Structure formats: structure tokens, C-alpha cells
Amino acid sequence: MRYAIEDGVLHLAFLHDLDISSRAPAALQVEALLFTHRPRHVRIQLSTPDPSPASLSVLTRARRLCEGLCIPLTVVGPAAPRLPHTTATDGVAG
């Protein structure tokens, strides 16, 4: 899991979909970050559009913690892949 604090927002990114063995450590890390930094907002980015049950479990736990601390939570899907740069004349016969 990668995280950053920016302007009071805790940005968390799951680098990969979680499994049973990585679920508990990830949940504990989220909890520790919330209590350590006390952000005003939390944003979680998932690594896949179809998260595993373990990832959903950590997300559910994060939601409950945020609700208990009155911290808004936003969840977003994976980042869109970057497309190669093209120019206005690519593919145009001229």
C-alpha cells in the first residue's frame, strides 16, 4: 500500500489486489495511518475495478473507522492507463 498526506487528505493506494495473507496487515496499516495523522479526508484508490473479498474487507473496515472518526471517505477505481501521445496529423493522409 502506498500513502501520502496532502493538505489534510490521506491518499491511500492499493498497489495490488489483497488476498487473505495481506488483508490483516493492510487493515492495521490503514488504522495506524488514520490515528497517527487524523486527516480531514481519506481517499482510497483501488488497484482493480473488481476488488477481491479481502480488499473489500479492508475497505469496509476503513469505512467504519472513518465514520467513527467523522472523516469523509472517497473510494476511486484504478488509474486509467496512459495512452501514447499522438499529434493532430497521426493517421491522417495528407
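Residues numbered from 1 in each chain as written. Predicted model: local features only at pLDDT ≥ 70, side-chain atom pairs only at ≥ 80, totals over all residues. Heavy atoms only, no water.

## Some details on the overall build of the protein
Step number 1: What the protein contains, in helices and strands, is two helices and four strands.
Step number 2: Its helices and strands taken in sequence order, the protein reads β-β-α-β-α-β from the N to the C terminus.
Step number 3: When burial is assessed residue by residue, the protein has 29% of its 94 residues classed as buried.
Step number 4: Contacts spanning at least 24 positions in sequence make up 79% of the contacts within the protein whose residues lie at least 6 apart. (Helix = DSSP H or I, 4+ residues; strand = E, 2+ residues; numbered from the N terminus. Buried < 20%, exposed > 50% of the residue type's maximum accessible area, 1.4 Å probe, protein only. Contact = heavy atoms within 4.5 Å.)

## Some remarks on the nonpolar core
Step number 1: Ranked by internal contacts, the top residues of the largest apolar core, which has 19 residues, are Leu-12, Leu-34, Val-42, Ile-44 and Val-58.
Step number 2: Those elements giving two or more residues to this core turn out to be strand E2 (9–13), helix H1 (20–37), strand E3 (41–45) and helix H2 (53–68).
Step number 3: Examining the composition of this core, we find that six residues originate from one element, H2, more than from any other. (Core = buried A, V, L, I, M, F, W, Y, C linked by side-chain atoms within 4.5 Å.)

## Quick notes on the environment of Leu-15
Step number 1: Tracing the chain through its elements places Leu-15 in the loop between E2 and H1.
Step number 2: As a C-alpha pair, Leu-15 and Thr-48 span 33 residues in sequence and 9.3 Å in three-dimensional space.
Step number 3: Excluding anything up to four places from it in sequence, Leu-15 contacts Met-1, Arg-2 and Ser-47.

## A closer look at H1
Step number 1: For H1, spanning 18 residues, the distance from its first C-alpha to its last is 27 Å, which sits close to the expected 26 Å at 1.5 Å a residue.
Step number 2: Those residues of H1 that fall on the buried side of the exposure criterion are Ser-22, Ala-26, Ala-27, Val-30, Leu-33 and Leu-34. Within H1, the buried residues cover an arc of 135 degrees as seen down the axis, which keeps them to one side. Turned more than 90 degrees away from the buried face of H1, the exposed residues are Ser-21, Leu-28 and Thr-36.
Step number 3: Elements in contact with the buried residues of H1: strand E1 (2–6), E2, E3 and H2.
Step number 4: Where H1 terminates, the next one or two residues include Arg-38, which has phi positive at roughly 45 degrees. (Expected span 1.5 Å × (residues − 1). Arc of directions from axis to C-beta.)

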